[in-house]
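Descriptive analysis of the structure
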Amino acid sequence: MAFHPTPRQYGAIRALLFLLALVPLGRMVYLTLSGQLVEPLEFITRGTGDWTLYFLCITLAVTPLRRLSKWNWLIKLRRMLGLYVFFYAALHFTTFLWFDHFFDVQEMLTDVLKRPFITVGFAAFLLLIPLAATSSNAMVRRLGGKQWQWLHRLVYVIAPLGILHFWWMKAGKHNFTQPIIFGLVVAVLLGVRVVWSRRKARDARAPAPAGGAACCGGGCRS
């Protein structure tokens, strides 16, 4: 059964989601300041990276969930969730630049070029920047809906790069459980889009039923 929230209900859902998305950051800050962590810098770096992938998967799940549930209002939450992907990715990058290189950009770039898993992670972050910069309604109007959609399809490149970055990072410890789970989730979320896209293209190429025009011309109803 389709659920159609009133404007007030939608506002409450959006506000609750906004606050819930900040809980992981609040937890990281609390545990760090309270001295409960043995390796706080590593915890923050890993935590911000993990939540970047969590929000990436959640954002990619919006369209399939909308189509399956018929809750079309969900699409209005996708932009905010996408901005949280960038938010946690920016925090993840900042911890790398700060804790590992103390804001030495030249040393950071050298590290990016030297270590493949950092290279792909940095590439994914750079690709996120234009998506975040064009997330406003004003930028949608300036670019035009079709060009904006094509630009934001970069997420289909960003997602595999993020998984690859995570995979290579975990490979050093031979711990592939999380990368495999994330990879399978992203594969399913992107795979259903491929299936739907091919089905739409096939339906568009299919010839119209014989006699359909004559029937409609005679006042029939479908």
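Being a predicted model, the structure only gives us computed values, none of them experimental.

Focus on the packing of aromatic side chains
- Counted under the stated rule, the structure contains 20 aromatic pairs.
- Ring geometry for Phe3 against Trp73: centres 5.8 Å apart, planes inclined by 85°, an arrangement best described as edge-to-face. One end of the pair, Phe3, is in the segment before helix H1 (7–33); the other, Trp73, is in the loop between helix H2 (40–69) and helix H3 (75–100), and 70 residues separate them in sequence.
- A connected cluster of aromatic rings, assembled from ring pairs, spans Phe18, Trp51, Tyr54, Phe55, Tyr84, Phe87, Tyr88, Phe166 and Phe182.
- The ring of Trp196 has Arg67 sitting right over it, with the charged end atom 4.0 Å from the ring centre.
- Taking NZ or CZ as reference, Lys76 lies 4.4 Å from the ring centre of Tyr10, over its face.

Some thoughts on the packing of helix H4 (residues 105–114) against helix H5 (residues 116–133)
- It is the contact of H4 with H5, at a shortest axis distance of 5 Å, that shows an interaxial angle of 110°. The pairing of H4 with H5 is recorded here as roughly perpendicular in orientation. For the pair H4 and H5, the contacting residues are Met108, Leu109, Asp111, Val112, Leu113 and Lys114 in the first and Pro116, Ile118, Thr119 and Phe122 in the second.
- Looking at side-chain class alone, the contact of H4 with H5 contains seven nonpolar, one polar and two charged residues.

Observations concerning the pattern of salt bridges
- Counted according to the given criterion, the structure contains one salt bridge.
- Across the salt bridge formed by Asp111 and Arg115, the nearest N and O atoms sit 3.0 Å from each other.
- By relative accessible area, Asp111 is classed as buried at 9%.

Some thoughts on H3
- In this model, H3 (26 residues) spans 38 Å end to end at C-alpha, consistent with the 38 Å of a helix rising 1.5 Å per residue.
- Directly beyond the C-terminal end of H3, a positive phi value near 50° is found at Phe102.

Here we look at helix H8 (residues 155–171)
- Its 17 residues give H8 an end-to-end C-alpha distance of 24 Å, which sits within 8% of 24 Å, the value for a rise of 1.5 Å per residue.
- For H8, the complete set of buried residues consists of Val155, Ile158, Ala159, Leu161, Gly162, Ile163, His165, Phe166, Met169 and Lys170.
- On its buried face, H8 is in contact with H2, H3, H5, helix H7 (145–152) and helix H9 (177–205).

Describing unusual backbone geometry
- Unlike most non-glycine residues, Phe102 shows phi in positive territory, near 50°.
- Along the chain, Phe102 falls in the loop between H3 and H4.
- Although it is not a glycine, Phe103 adopts a positive phi angle of roughly 65°.
- One can find Phe103 in the loop between H3 and H4.

Reading the values: the criteria
- Residues numbered from 1 in each chain as written.
- Predicted model: local features only at pLDDT ≥ 70, side-chain atom pairs only at ≥ 80, totals over all residues.
- Heavy atoms only, no water.
- Phe/Tyr/Trp six-rings, centres within 6.5 Å; stacked < 30°, edge-to-face > 60°.
- Helix = DSSP H or I, 4+ residues; strand = E, 2+ residues; numbered from the N terminus.
- Lys NZ or Arg CZ within 6 Å of the ring centre and 35° of its normal.
- Axes fitted to C-alpha atoms, helices over the stretch in contact; angles between N-to-C directions.
- Parallel < 35°, antiparallel > 145°, perpendicular 65-115°, else oblique.
- Contact = heavy atoms within 4.5 Å.
- Nonpolar A, V, L, I, M, F, W, Y, C, P; charged D, E, K, R; others polar.
- Salt bridge = Lys/Arg side-chain N within 4 Å of Asp/Glu carboxyl O.
- Buried < 20%, exposed > 50% of the residue type's maximum accessible area, 1.4 Å probe, protein only.
- Expected span 1.5 Å × (residues − 1).

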